[in-house]
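Here's the letter readout for the chains.
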Amino acid sequence: MVRMDMQRAHAAGPDLAAVAKLLADGTRAGFCLALLDGRAWTAKELARHMGVAPSTATEHLHALVRGNLLAEERQGRHRYVRLAGPHVAELIESLAAMAPQRTPAPRSLSAAGRRQALAHARTCYDHLAGTVGVAVTDAMLARRLLDEEHGLGLTDAGATWLEELGIAVPTDTRRPSVRSCLDWTERRPHLAGAVGAALCRHAFDTGWITPVGTTRAVAVTALGRQALHRHLGLPDELLSQK
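Scope of this entry: the structure provided in the associated data block.

Calculation criteria
Residues numbered from 1 in each chain as written. Predicted model: local features only at pLDDT ≥ 70, side-chain atom pairs only at ≥ 80, totals over all residues. Heavy atoms only, no water. Pairing = 2+ DSSP bridges. Helix = DSSP H or I, 4+ residues; strand = E, 2+ residues; numbered from the N terminus. Contact = heavy atoms within 4.5 Å. Axes fitted to C-alpha atoms, helices over the stretch in contact; angles between N-to-C directions. 1 Å grid on protein atoms, 1.4 Å probe; cavity = no way out; pocket = protein on both sides within 12 Å on 5 of 7 lines; lining within 4 Å. Points joined across faces, edges and corners; volume = space filled by probe spheres on them. Nonpolar A, V, L, I, M, F, W, Y, C, P; charged D, E, K, R; others polar. Parallel < 35°, antiparallel > 145°, perpendicular 65-115°, else oblique. Left-handed = near helix turned anticlockwise from the far one by under 90°.

Examined bridge by bridge, strand E8 (residues 179-182) and strand E9 (residues 189-192) share four bridges and lie antiparallel to one another. Considered in E9, the bridge of Ser180 is made with Leu191. Here E8 folds back onto E9, and the loop between the two strands holds six residues, one of which, Arg187, carries a positive phi near 60°.

Moving on to the sheet that holds strand E3 (residues 78-83). Spatially, E1-E3-E2 is the arrangement adopted by the three strands of the open sheet, whose pairing is antiparallel. With partners counted over all chains shown, the strands left at the sheet margins are strand E1 (41-42) and strand E2 (70-75), one partner each. Summarising the sheet, E2 and E3 pair through six bridges and their orientation is antiparallel. Looking across to E3, one finds that Glu72 is bridged to Val81. Contacting E2 and E3, helix H5 (residues 54-66) crosses the sheet at an angle of about 55° to E3.

Moving on: the layout of surface pockets. One number sums up the size of the second largest pocket: a volume of about 150 Å³. Split by residue class, the lining of the second largest pocket holds five nonpolar, four polar and three charged.

Below, the discussion takes up the packing of helix H4 (residues 43-50) against H5. Between H4 and H5, the shortest axis-to-axis distance is 9 Å and the interhelical angle comes to 110°. Taken together, H4 and H5 sit at an angle that is classed as roughly perpendicular. The handedness of the crossing between H4 and H5 comes out as right-handed. Contacts from Ala43, Leu46 and Ala47 in H4 reach Pro54, Ala57, Thr58 and Leu61 in H5. Of the residues belonging to the contact of H4 with H5, the class tally is six nonpolar, one polar and no charged.

Next up, the structure:
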């Protein structure tokens, strides 16, 4: 009887194995990593990105949509997919931080440069990640704009700081205001949640950061280096990609 009850409880619990199975395939995992840029991609674009046939990409994308990791959007005759939400982005980023690193020899200097740029500063769905993202989070903690007393949270001083910068954080959402997201290159947390997204959006809108090509990498501009030094004390040598 006890064994039967345990089996029933097991059957009624969350099916983590189903999610793990979806991400256990290298092509599907690669699609999810690519979609961390926050954009909606077509199946054809993702197929080209991963070097697989369009029919293969479509089959994998159907599985990811059924598993609620991706959401589908249609615009006329075109079909796009995106991550199902920031919670999925944070899951993928956290899993990437736990995964063993593959370091194949770069086929070109440009490939090595792209990897270096991504590690220095990039978007993780809609918030800032990489060396710069972690440094921003550390500086906010050091200045008591964030605290970790009951998990990562925004302090009153932090709310005032955001208001003074003109950063409005949406309140009409079920998304957590502040959330810690494990950075896959730094292996340390960076700021996610509604506050992280609003701060990243502000950095783009004010010209503190700018996209690097068509990748998730971003560069901190001269204006951004001045602003982040003034507001968070971040040194120029940390913000400048070497």
